[in-house]
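Residues per chain are reported as follows:
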Amino acid sequence: MTRAVAISDSANFYVSAERIFDPSLKTVPVIVLSNNDGCAVARSDEAKALGIEMGAPLHLIRDKVEAHGVRVFSSNYTLYGDISRRVVEVYETFSPRVEVYSIDESFLDFDGFRDREAHAQAMRKQVQLQVGIPVRVGIGPTKTLAKCANEAAKRNPIFKGVLDLADRSVTDWLLPRIPVGDVWGVGKRTCARLAPLGIHTAADLRDMPPRQARSLGSVVLERTVRELQGEPCLSLETAPPPRKGMAVTRSAGAPMRDRETVVSALAAHATRAAEKLRQHGLVAGAMTVFYHTSRFSTGKPQHTASRTVKLTPMTSDARDLVRAARACVEASWPQRGGPYAFAKSGVLLDELVAEADRPRSLFDAEDGREARSRAVMQALDAVNARFGKKTMVLGSEGTGRAWAMRAEYRSPRYTTRISDLPVVR
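Residues numbered from 1 in each chain as written. Predicted model: local features only at pLDDT ≥ 70, side-chain atom pairs only at ≥ 80, totals over all residues. Heavy atoms only, no water.

## Remarks on the overall build of the protein
From N to C terminus, the protein includes 14 helices and 13 strands. Projected onto its principal axes, the C-alpha positions of the protein cover 65 × 60 × 50 Å. Taken across its 425 residues, the protein has 44% of its residues classed as buried. Here the protein has roughly 22,200 Å² of accessible surface; of this, 52% comes from carbon and sulfur atoms. If you average the places of the 62 positive and of the 48 negative side-chain charges in the protein, the two averages end up 3 Å apart. (Helix = DSSP H or I, 4+ residues; strand = E, 2+ residues; numbered from the N terminus. Buried < 20%, exposed > 50% of the residue type's maximum accessible area, 1.4 Å probe, protein only. Areas by Shrake-Rupley, 256 points an atom, 1.4 Å probe, with all protein chains shown as cover. Lys, Arg positive; Asp, Glu negative; His and termini not counted. Charge placed at Lys NZ, Arg CZ, Asp CG, Glu CD.)

## Points about the UniProt feature "domain: UmuC" (unreviewed entry) in the protein
Those places that UniProt annotates as "domain: UmuC" (unreviewed entry) correspond, in this numbering, to residues 5-187. In this annotation, residues 5-187 is assigned 38% helix and 20% strand; the end-to-end C-alpha distance for the span is 23 Å. (UniProt positions renumbered as here; feature names shortened; annotations may be inferred.)

## Considerations on helix H6 (residues 143-155)
Here H6 spans 19 Å end to end across 13 residues, near enough to the 18 Å set by a 1.5 Å rise per residue. Those residues of H6 that sit buried are Lys143, Thr144, Leu145, Ala146, Lys147, Cys148, Ala149, Asn150, Glu151, Ala152 and Ala153. (Expected span 1.5 Å × (residues − 1).)

## As for the side chain of Asp420
With respect to the helices, strands and loops of the structure, Asp420 is situated in the segment after helix H14 (369-387). An unpaired buried charge is present at Asp420: no salt bridge exists, and Arg417, the closest side chain of opposite charge, is 4.4 Å distant. A distance of 2.9 Å separates a polar side-chain atom of Asp420 from the backbone nitrogen of Arg413. Those residues in contact with Asp420, other than ones at most four positions away along the chain, are Pro412, Arg413 and Tyr414. (Salt bridge = Lys/Arg side-chain N within 4 Å of Asp/Glu carboxyl O. Polar contact = N/O pair within 3.5 Å; in protein donor to acceptor, adjacent residues only side chain to side chain. Contact = heavy atoms within 4.5 Å.)

## Here we look at the sheet that holds strand E3 (residues 40-43)
Read across the open sheet, the 3 strands follow the order E3-E2-E4; overall the sheet is mixed. Because the sheet does not close on itself, it has two edges, and the strands there are E3 and strand E4 (71-73). Adjacent strand axes in the sheet meet at a mean angle of 25 degrees, parallel and antiparallel pairs treated alike. Packing of helix H1 (residues 13-20) onto the sheet brings it into contact with strand E2 (30-33), E3 and E4, and relative to E2 it is tilted by some 110 degrees. (Pairing = 2+ DSSP bridges. Axes fitted to C-alpha atoms, helices over the stretch in contact; angles between N-to-C directions.)

## Brief notes about the packing of aromatic side chains
What the rule picks out here adds up to 15 aromatic pairs. Ring plane angle 55 degrees and centroid distance 5.4 Å describe the contact between Trp333 and Phe342, whose orientation is recorded as tilted. In this structure, Trp333 and Phe342 share a single accessibility class: buried. Seen in terms of ring centroids, Tyr340 and Phe342 are 5.9 Å apart; in terms of plane orientation they differ by 35 degrees. Their pairing is tilted. In this pair, the class of Tyr340 matches that of Phe342, namely buried. Chaining the aromatic ring pairs together yields one cluster made of Phe13, Tyr14, Tyr77 and Tyr80. Positioned above the aromatic ring of Phe107, the side-chain terminus of Lys143 is 4.6 Å from the ring centre. (Phe/Tyr/Trp six-rings, centres within 6.5 Å; stacked < 30°, edge-to-face > 60°. Lys NZ or Arg CZ within 6 Å of the ring centre and 35° of its normal.)

Structure, rendered in structure tokens:
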């Protein structure tokens, strides 16, 4: 085996991040909830042992939470994002190339290391020491095989958190034990097409002729088969691909029953979307606004609305996006039926290009609008960077924010807000 790809993922990442700053959580059942404190999206091993399923609504497991002393947390994405960044910084000292695949997973180039298992164990130890997050590592000649190794390292303690498929006999032992539905990139529909062919495990899929895989599931399935056979088809992507779109959507913490409340929520979403554009040096040429009622509200009037508008000139100015969002709401507000209780809203940005590459009009340099817009947005970003998010907002967002998401159990932003820094007494 000449090529070595590793994937390292964090154990129960959201829960592990909460445990860094609260030692009392180490051996107790812990769950982290989705937006608006709806469902369990992360569970400690102790919570899993109690039978708490992924996606279980909090109101349906309340009795179990109270009976077993389960600690409950709202999602704290600011904290999780910063902890993820710190973990990646450690990875970068152990590998010349790192691809951040998700908030808790990264692919690493392990080519050239003589004892890859020892190198991975040293990396695990350093992440635990510097950040406090437990990680598991799978190593293989391809990304797909590395993912298989990682799954085995998670589930079987005999591997002590690291499995290297350097030995073909280990691969031959492992793949028959992995259900085909657990193979990276194989979804439920593909499983349904594979089952009549007698393909039930990763080993069965590996032995499938690549041409047959292409005819059954397109080039994606063929690529998976070749990767399971040890042929690299997916390279490390150390530079993120250019963004083609961007979205900011939120469920409301309380029903939005009037137009100004919906506009206020969308103004906040549009402001955040503009901030993300500026962070990536992009401008948008089109924006879609939507808002809708909850499909789970049986017996109540239902309504879904959306509008798309061209942004001319292309922009990352929050004021432009907010004006466009208001215009979309005014054009799409229901004139009949109701009263409606809107439960979710959002903005979607398309036609993204680098700010330096955006089309200019004949009068851009003449009227100075672009320079003024940039100066105002730089001032807004500077104030919020120094004094905290939402220190300065557009008036369109309002002050009550009755639509804001519920987060009754959110922990402090320990690493990103001065007032929340942990204090040792």
